[in-house]
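Take a look at the letters that make up each chain.
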Amino acid sequence: MSEKHPAERWYEIKEKHHAAGLALTFALLKILPSAAVRAIAFPVGFFYWLFGKKTRAVSRQYLQHVNAVRVKNGQPPLKISTLKHIVSFAITLTEKLEVWAGKFSFRQIHFQDDGTDDLVQNLENGRGVMLFISHVGNSELLRGLASAHETGVTKPFVVNSIIDMSVTAGFNALIKKINADATMNIISADDISPDTMIMLQEKVAGGEMVVIAGDRTSAHTQTRFVAQDFLGEQAPFAYGAYLLCALLNVPTYFVFGMRQKDVSLRPQYDFYARKCPITFDCGRKEREERIRQTVAAYAHELECRCLEHPYQWYNFFDFWAMP
């Protein structure tokens, strides 16, 4: 279903949420009710939809994948709306800033009866964990919960977030400005080295959390990926993120913050923490197979969230294009 000619990867696309626009949104949040700022996201989303030809194209491609799986599963096809998809993204950007600006009520988050209690208990006992987030839903809920001490863990813990600074530098700089006291360390994906691995192992041994996105390939090691079926077609997943999981060998969770309604001015969120069933208490020979199993488990959870909330997928590039 993907186009077969060379396609832009996510790291070749400039940030659409430029720092100036985000700073303006934050300024509006300081003087207007949150619902009013969310309402502004509707015309902003319409603007990007109207002039974003490539964005509309990849949105339609993704939604067609969703429909193909829905039909295969005996479900009615989705009425494809690239406008709704892009507006949903604009609203989520606003809500991410709300989280860091302290204007998001964590009473709007509903924890699911899954691996959340296990995650909290590990942190309570001082055991480090690793979390895979994604560009589905609102991943900032997790880091915001940790910084606001709203996780249910009675003692503070540090979040170490591994991100590609070359693409998200503007957003992260603004977050740091908004909330300089956030208990979050940013580790650039460019800087992962043997020394970094030793540091991360020390951090999880000290009860800290390591967070990484599992749904984007590396901008620096493009040829190292795991091909995995996702929404009916093989897609590349970053090998390095899952190798890191294997080397740390701590309890691992796939975490999602999903708006109950894809588009809403007064959102309620469901928080999922699915514990990864794969462990790495094995030799190097078996490790590669377990890495593939971990990718498959993550892709399955990612697909479930996309089928439940199709308009909360925010990877606006050809996800199935192989590097």
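Since the structure is predicted, the reported quantities are computational estimates derived from the model, not experimental observations. (Residues numbered from 1 in each chain as written. Predicted model: local features only at pLDDT ≥ 70, side-chain atom pairs only at ≥ 80, totals over all residues. Heavy atoms only, no water.)

Visitor: An account of the overall build of the chain is requested, with residue identities and associated values reported.
Guide: Within the chain, the secondary structure is distributed over 10 helices and 9 strands. Taking all 323 residues of the chain together, 54% fall into the buried category. Within the chain, counting contacts between residues at least 6 apart in sequence, those at least 24 apart form 79% of the total. In the form shown here, the chain has an accessible surface area of approximately 14800 Å², with 55% of it arising from carbon and sulfur atoms. (Helix = DSSP H or I, 4+ residues; strand = E, 2+ residues; numbered from the N terminus. Buried < 20%, exposed > 50% of the residue type's maximum accessible area, 1.4 Å probe, protein only. Contact = heavy atoms within 4.5 Å. Areas by Shrake-Rupley, 256 points an atom, 1.4 Å probe, with all protein chains shown as cover.)

Visitor: Explain a nonpolar patch on the surface to me, and be specific about the residues and the numbers.
Guide: A cluster of nonpolar side chains, Ile 40, Val 44, Phe 46, Phe 47, Tyr 48, Leu 50 and Phe 51, forms an exposed patch at the surface whose accessible area comes to about 660 Å². Assignment of secondary structure puts Phe 47 in helix 2 (residues 34–51). (Patch = residues over 30% accessible without salt bridge, like charges linked within 9 Å, V, L, I, M, F, W, Y side chains within 5 Å. Salt bridge = Lys/Arg side-chain N within 4 Å of Asp/Glu carboxyl O.)

Visitor: Break down the pairing of strand 3 (residues 159–163) for me, with residues and values.
Guide: Side chains on a regular strand alternate between the two faces of the sheet. With respect to burial, strand 3 is a largely interior element, 5 of its 5 residues being buried. Residues Val 159, Ser 161 and Ile 163 of strand 3 are buried on one face, and the alternating residues Asn 160 and Ile 162, pointing to the opposite face, are buried as well. Alignment of strand 3 against strand 5 (residues 209–213), held across 4 bridges, turns out to be parallel. Residue pairing across strands places Asn 160 opposite Val 210, the latter belonging to strand 5. (Pairing = 2+ DSSP bridges.)

Visitor: Help me get a handle on the nonpolar core, residues and values and all.
Guide: Within the largest apolar cluster, 50 residues are counted, with the highest numbers of intra-cluster contacts made by Phe 132, Phe 230, Phe 237 and Leu 248. Among residues more than four places away in sequence, those in contact with Phe 230 are Ala 235, Phe 237, Ala 299, Leu 302, Glu 303, Cys 306, Trp 313, Phe 319 and Trp 320. Ranked by size, the runner-up nonpolar core spans 24 residues in total, among them Val 120, Leu 131, Leu 141 and Ala 146. (Core = buried A, V, L, I, M, F, W, Y, C linked by side-chain atoms within 4.5 Å.)

Visitor: I'd like to hear about helix 3 (residues 53–72), residue by residue, with values.
Guide: Taking 1.5 Å of rise per residue, the 20 residues of helix 3 would be expected to cover 28 Å, and the 29 Å separating its terminal C-alpha atoms lies within 8% of that figure. Within helix 3, burial applies to Thr 55, Val 58, Ser 59, Gln 61, Tyr 62, Leu 63, His 65, Val 66, Asn 67, Val 69 and Arg 70. Buried residues belonging to helix 3 abut helix 4 (82–101), strand 7 (233–238) and helix 10 (284–308). Looking one or two places after helix 3, you find Gly 74, whose phi comes out positive at around 80 degrees. (Expected span 1.5 Å × (residues − 1).)

Visitor: Can you tell me about the side chain of Arg 259, naming the residues and giving the values?
Guide: Take Arg 259: it is sitting in strand 8 (residues 252–259). Within the structure, the side chain of Arg 259 is placed 2.5 Å from the side chain of Thr 92, a separation counted as a polar contact. Among the polar contacts listed, one links the side chain of Arg 259 to the backbone oxygen of Asp 262, at a separation of 2.3 Å. In this view, Arg 259 contacts Ser 88, Ile 91, Thr 92, Glu 95, Ser 264, Pro 267, Gln 268, Tyr 269, His 309, Gln 312 and Tyr 314; residues no more than four positions away in its chain are not counted. (Polar contact = N/O pair within 3.5 Å; in protein donor to acceptor, adjacent residues only side chain to side chain.)

Visitor: Quick one: what's the story with empty space enclosed by the protein, residue by residue and with numbers?
Guide: Enumeration over the complete set of coordinates arrives at 2 cavities of 30 Å³ or more. Its volume calculated, the largest cavity comes out at about 90 Å³. Phe 111, Thr 116, Leu 119, Val 120, Leu 123, Leu 142, Leu 145, Thr 151, Val 153, Phe 157, Met 209 and Phe 271 together form the lining of the largest cavity. If you list the elements that add at least two residues to the lining of the largest cavity, you get helix 5 (116–124) and helix 6 (140–147). For the lining of the largest cavity, the element with the most residues is helix 5, which contributes 4 residues. Looking at the lining of the largest cavity residue by residue, the class counts come to 10 nonpolar, 2 polar and no charged. Of the voids in this model, the second largest cavity is the one considered here, and its volume is about 40 Å³. In this structure, the second largest cavity is lined by Ile 133, Ser 134, Val 136, Asn 138, Ser 139, Leu 142, Val 255, Phe 256 and Gly 257. No other element matches strand 8, which puts 3 residues into the lining of the second largest cavity. (1 Å grid on protein atoms, 1.4 Å probe; cavity = no way out; pocket = protein on both sides within 12 Å on 5 of 7 lines; lining within 4 Å. Points joined across faces, edges and corners; volume = space filled by probe spheres on them. Nonpolar A, V, L, I, M, F, W, Y, C, P; charged D, E, K, R; others polar.)

Visitor: So what's going on with the packing of aromatic side chains? Residues and values would help.
Guide: What the rule picks out here adds up to 21 aromatic pairs. Between Phe 132 and Tyr 298 the ring centres are 5.8 Å apart and the planes differ by 55 degrees, which places this aromatic pair in the tilted class. Linking Phe 132 in strand 2 (residues 129–133) with Tyr 298 in helix 10, this pair joins segments that are 166 residues apart in sequence. Of the residues examined, Phe 132 reaches a relative accessible area of 0% and is grouped as buried. Between the aromatic rings of Phe 319 and Trp 320, the centroid separation amounts to 5.7 Å while the plane-to-plane angle is 80 degrees, which identifies the pairing as edge-to-face. Residue classification places Trp 320 among the buried positions, given a relative accessible area of 3%. The side chain of Arg 305 reaches across the aromatic face of Phe 256, ending 5.7 Å from its centre. (Phe/Tyr/Trp six-rings, centres within 6.5 Å; stacked < 30°, edge-to-face > 60°. Lys NZ or Arg CZ within 6 Å of the ring centre and 35° of its normal.)

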